Amino acid sequence: LQPGVARARVAGARGGSQDMSAEEGDVAAVLQRIRASAGNLQAIVDQYKAAERSHQRDRDLQALVDIYKAAWETYGQPKGPIDFDFQDLSVKRLRALCRHNPTDAREFH
């Protein structure tokens, strides 16, 4: 655990509890907000762009990979032949995957 990062107790799937850092809880909240924005493309874009600003450090790469994946899956199909938001999201997801897990990047590509 990084110094200064608070830990919270969250209910586990079987009624137990698990330790979760505040940072992990933040990522879980972002993922939940993105998925709840299904059908509202601008809200999806706004959510992942806000998350980018708070997860720019290299140690946050897994968080960005997860956030881009959720946003990409929630976004769905491109909304036309020139959908710049979808293109931007796809490129960002691929770049993050290349740095984090090249095998996953190849599968995504």
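The residue count restarts for each chain, going from 1 along the sequence in the order it is written. Only residues with pLDDT of at least 70 get local features here, since the model is predicted, and only at 80 or more are side-chain atom pairs given and counted; chain-wide, interface and lining totals rely on the full set of residues. Hydrogens and water are ignored here; the side-chain numbers use all heavy atoms of the structure.

## Quick word on the confidence of the model for the protein chain
On average, residues of the protein chain score 79 in pLDDT, and 74% of them are at 70 or above. The pLDDT value tells you how sure the predictor is about a given residue, anywhere from 0 up to 100. The contact criterion used is simple: two residues touch if any of their non-hydrogen atoms lie within 4.5 Å. Throughout residues 1-21 the model reports pLDDT below 50, and contacts reaching past four residues in sequence, or to other chains, amount to 27 contacts.

## Points about the pattern of salt bridges
Salt bridge, as used here, is a side-chain nitrogen of Lys or Arg placed within 4 Å of a carboxyl oxygen of Asp or Glu. On inspection of all chains with the given rule, the structure shows two salt bridges. Between E52 and K92 there is a salt bridge, and its shortest N-O distance comes to 3.0 Å. Within this pair, whereas E52 is found in helix α2 (residues 41-54), its partner K92 is found in helix α4 (residues 84-100), the two being separated by 40 residues in sequence. Judged by its relative accessible area of 23%, K92 is partly exposed. The partner of K92 in a salt bridge is D88, with the nearest N and O atoms 3.4 Å apart. Taken together, the residues K92 and D88, both in helix α4 and four residues apart, mark about one turn of the helix. Burial status follows relative accessibility: with a 1.4 Å probe on protein chains alone, a residue under 20% of its type maximum counts as buried, one over 50% as exposed, and anything between as partly exposed. On the basis of relative accessible area, D88 is assigned to the partly exposed category, the value being 28%. Only runs of H or I of at least four residues qualify as helices and only runs of E of at least two qualify as strands under DSSP, and these elements are numbered from the N terminus.

## Quick look at α4
Under the 1.5 Å per step criterion, the end-to-end length of α4 is 24 Å for 17 residues, consistent within 8% with the ideal 24 Å. Listed as buried for α4 are F86, L89, S90, R93, A96 and L97. Around the axis of α4, the buried residues are gathered within 135 degrees of arc, so they sit on the same side. In α4, the exposed residues that point more than 90 degrees away from the buried face are F84, R95 and R99. Of the surrounding elements, those touching the buried residues of α4 are α2, α3 (61-75) and α5 (102-108). Here a helix's expected span is defined as the number of its residues, less one, multiplied by 1.5 Å. To be clear, the arc concerns the directions from the helix axis to the C-beta atoms.

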